[in-house]
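Inside the fold
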Amino acid sequence: MHVRTRIAPSPTGFFHIGTARTALFNYLFAQKHGGQFILRIEDTDKERNTKESEEDIYAQMMWLGYAYDEKYIQSEHLEEHTKLLKRLVDTDRAYVSKEEAKDGSGRMVEVVRLRNPGKTITFDDAVRGAISFDTTELKDFVIARSVTDPLYHFAVVADDGAAQITHVIRGEEHISNTPRQILIQEALELPRPIYGHIPLILMPDRSKMSKRKHKTAVKDYRERGYLPEAMNNFLALLGWSAGEGDRELFSLSELIEHFDLARVHKSGAIFNEEKLKWFNREYLLKLTQTDFATEALGRLKDALASRVSWDGERAQALLPILRERISLWGDISELANAGEFDYYFTPPQPEKARIPDKKSDSTTALAHLTETAIRLKNVSQWTPEGIKEALWSYAEKEGRGAVLWPLRYALSGKDKSPDPFSLAVLLGQEETLSRIQTACDILNE
Ligand code: GLU
């Protein structure tokens, strides 16, 4: 079987998550069968088209890795459309009809109508099985405003025919367009492709994904720092299952290997961003140390530039914490802007009243910090274990909260932060002792 699939976005807005999912399914199917995948820009709606949207289609398809074998620009095929429309009129499969314009102006206009044989159209949908429509009530529907101005359905059918598309895999919202398109196809004596209508993307509350209410542009997800590998894995499982039990992680080449229209679901696919984040975290964890460090440090530096004086060595030491805490790259700037990393670079300004543990008091906190400093001065192995060993028995005896809270707070100036042992390692012995000293000075004031 020779396979030719296509994605046919209209450049009337940013490349949409739903279009990306449809593109992915078409790409996977074509790759799986050694066929071609075609991009067709459906730019016939002159009022709503923008160059920016068209550029965004290319940019996001490239980012997601959907390499296309051929590119068609619909508006460049107007001459062929006109030829075909003329032929339909000449052979009386369509006719030009003079009628009153629909805008109520009383003006007379010409339109091209298809002679509808008014039969029942049945097509075998690769996802949903046989679907039948009685087309009588469509009457002789309009296929063009004139022989030089085809309407949407005509253009889709003519272009699919010209590009010899074998499989039309597209969203379920196009099911009701299919009988019209098949009637046009039959009039043009074009072979019928195999249709496969994939389920709508729904939000977790089962409402439809909408541009107005939700983030629907692929570009937005990219800007927030999702990885294309995670997007693809997540999008592939929106309405399809690999048939591999509980397994959820698939690279693009594994998706190609497993892809099968028979396992596309009939009912709505739920777009759950938490799940997307989960995928993204998994893919972040798979990155090599070097790849992770390059991107993470770049973002951290950008975000902190205006807040602290940058210390590359200390930032290096932060990498394990970043890996642990983030789900997407954008989390780095979010955490940084919230001041979560400042204290690694700049000493905090502890508040006197917050230094003691809740159940303790200033005098006790001062005594514990003083003892802690003595013990830490003698640590020779400045590792979490070495530091813990120096303090643990003392903390156990005196109360963990009473000893470790003031230390952690002295180091970070925050109610929440990593444990004091990891913090101390990151800051180094000298800086740790200096921050303890500052807290003691504040308690002594
Ligand atoms: N241009 C149509 C759309 O953006 C797609 C047409 C088709 O897939 O048949 O929804």
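Focus on the overall build of the chain
Along the chain, the regular secondary structure elements total 18 helices and 13 strands. Taking 22 Å as the expected radius of gyration for a compact globule of 445 residues, we find that the chain reaches 32 Å, considerably beyond that expectation. If you line up the chain on its principal axes, its C-alpha atoms span 100 × 50 × 35 Å. Restricting to contacts in the chain with at least 6 residues of sequence separation, those with at least 24 account for 73%. Accessible surface computed for the chain: about 21,700 Å², of which carbon and sulfur atoms make up 48%.

Some points on the site of the ligand
Residues in close proximity to the ligand include Arg6, Ala8, Ser10, Glu42, Tyr152, Val156, Arg170 and His174, which together make up its full environment. Within the side chain of Ser10, a nitrogen or oxygen atom sits 3.4 Å from a nitrogen atom of the ligand. Separating an oxygen atom of the ligand from a side-chain N or O atom of Arg170 is a distance of 2.7 Å. When isolated, the ligand has an accessible area of 300 Å², and the protein chains bury 78% of it. Classifying every residue of the shell around the ligand by side-chain character gives three nonpolar, two polar and three charged.

Digging into the sheet that holds strand E2 (residues 36–41)
Ordered by their spatial adjacency, three strands build an open sheet running E1-E2-E3, and the pairing between neighbours is parallel. A single partner strand is all that each edge strand has here, and the edge strands are strand E1 (4–7) and strand E3 (70–73). For this sheet the average axis-to-axis angle between neighbouring strands, irrespective of direction, equals 25°. Pairing of E1 with E2 involves four bridges; the strand directions are parallel. Along E2, the bridge assignment pairs Arg6 with Ile38. Across the face of the sheet, helix H4 (residues 152–162) comes into contact with E1, E2 and E3 while running at roughly 145° to E2.

What about the layout of surface pockets?
Picture a little ball the size of a water molecule; that probe, rolled over the atoms, points out where space is still empty. For the largest pocket, the calculated volume is near 1,400 Å³. Lining the largest pocket are 46 residues; nearest its centre among them are Ala8, Pro9, Ser10, Thr12 and His174. For the lining of the largest pocket, the elements supplying multiple residues, two or more each, are E1, helix H1 (17–32), helix H3 (78–90), strand E9 (149–150), H4 and strand E10 (167–171). Top element by residues in the lining of the largest pocket is H1. It accounts for four residues. When grouped by side-chain class, the residues that make up the lining of the largest pocket number 16 nonpolar, 16 polar and 14 charged.

Some thoughts on the side chain of Glu42
Positionally, Glu42 belongs in the loop between E2 and helix H2 (51–64). What makes Glu42 buried here is its relative accessible area of 6%. Among the polar contacts made by the side chain of Glu42, one reaches the side chain of Arg40 at a distance of 2.8 Å. At 3.4 Å, the side chain of Glu42 forms a polar contact with the side chain of Gln74. Not counting residues up to four positions away in its chain, the partners in contact with Glu42 are Ala8, Pro9, Ser10, Pro11, Asn49, Gln74, Tyr152 and Val156.

Some points on the pairing of strand E8 (residues 142–146)
On any regular strand, side chains alternate: one points to one face of the sheet, the next to the other face. Summarising the sheet, strand E5 (residues 108–114) and E8 pair through two bridges and their orientation is antiparallel. Residue pairing across strands places Val112 opposite Ala144, the latter belonging to E8. Of the pairings in the sheet, the one linking E8 to E9 comprises two bridges and is antiparallel in character. Bridge pairing in E9 links Ala144 to Pro150. The turn joining E8 and E9, which pair antiparallel and follow one another in sequence, is formed by two residues.

Observations regarding the environment of Tyr409
For Tyr409, the position within the fold is in helix H16 (residues 400–412). Owing to a relative accessible area of 1%, Tyr409 belongs among the buried residues under this scheme. Once the C-alpha coordinates of Tyr409 and Lys51 are considered, the two residues, 358 residues apart in sequence, prove to be 54 Å apart. Ignoring any residue separated from it by four or fewer positions in sequence, one finds Tyr409 in contact with Pro350, Glu351, Arg354, Ile355, Lys414 and Asp415. Of note is the side chain of Tyr409, whose polar atom sits 2.9 Å from the backbone nitrogen of Glu351.

Concerning H16
Taking 1.5 Å as the rise per residue, H16 with 13 residues should run 18 Å; its terminal C-alpha atoms sit 18 Å apart, in good agreement. A large share of H16 lies buried, amounting to 10 of its 13 residues. Turning to H16, the residues buried within the fold contact helix H13 (342–345), helix H14 (362–377), helix H15 (384–398), helix H17 (420–427) and helix H18 (429–444). Residue Gly413 follows H16 closely and has a positive phi angle near 65°.

Remarks on the pattern of salt bridges
Scanning the model with the defined rule gives 32 salt bridges in all. A salt bridge links Arg192 to Glu186; its shortest N-O distance comes to 3.3 Å. Look at Glu186 and you get partly exposed, because its relative accessible area is 29%. Taken together, the salt bridges that share partners define one network made up of Arg6, Arg40, Glu42, Asp159 and Asp160.

Some points on the nonpolar core
Ile17, Met61, Tyr66, Phe271, Leu300 and Tyr344 are the most contacted members of the largest nonpolar core, which has 104 residues in total. No other element matches the nine residues that H1 contributes to this core. Once you skip the residues sitting within four places of it in the chain, Tyr66 turns out to touch Ala20, Ala23, Leu24, Tyr27, Phe37, Met61, Asn232 and Leu235. In terms of nonpolar packing, the next biggest core, distinct from the first, is built from 26 residues, Ile143, Phe154, Val168 and Ile184 among them.

Remarks on the side chain of Asp159
As for its placement among the helices and strands, Asp159 is situated in helix H4. A distance of 2.7 Å separates a polar atom in the side chain of Asp159 from a polar atom in the side chain of Gln74. In contact with Asp159, other than residues within four places in its own chain, are Arg40, Gln74, His77 and His81.

Reading the values: rules and limits
- Residues numbered from 1 in each chain as written.
- Predicted model: local features only at pLDDT ≥ 70, side-chain atom pairs only at ≥ 80, totals over all residues.
- Heavy atoms only, no water.
- Helix = DSSP H or I, 4+ residues; strand = E, 2+ residues; numbered from the N terminus.
- Rg over C-alpha atoms; globule rule 2.2 N^0.38 Å.
- Contact = heavy atoms within 4.5 Å.
- Areas by Shrake-Rupley, 256 points an atom, 1.4 Å probe, with all protein chains shown as cover.
- Near = heavy atom within 4 Å.
- Polar contact = N/O pair within 3.5 Å; in protein donor to acceptor, adjacent residues only side chain to side chain.
- Nonpolar A, V, L, I, M, F, W, Y, C, P; charged D, E, K, R; others polar.
- Pairing = 2+ DSSP bridges.
- Axes fitted to C-alpha atoms, helices over the stretch in contact; angles between N-to-C directions.
- 1 Å grid on protein atoms, 1.4 Å probe; cavity = no way out; pocket = protein on both sides within 12 Å on 5 of 7 lines; lining within 4 Å.
- Points joined across faces, edges and corners; volume = space filled by probe spheres on them.
- Buried < 20%, exposed > 50% of the residue type's maximum accessible area, 1.4 Å probe, protein only.
- Expected span 1.5 Å × (residues − 1).
- Salt bridge = Lys/Arg side-chain N within 4 Å of Asp/Glu carboxyl O.
- Core = buried A, V, L, I, M, F, W, Y, C linked by side-chain atoms within 4.5 Å.

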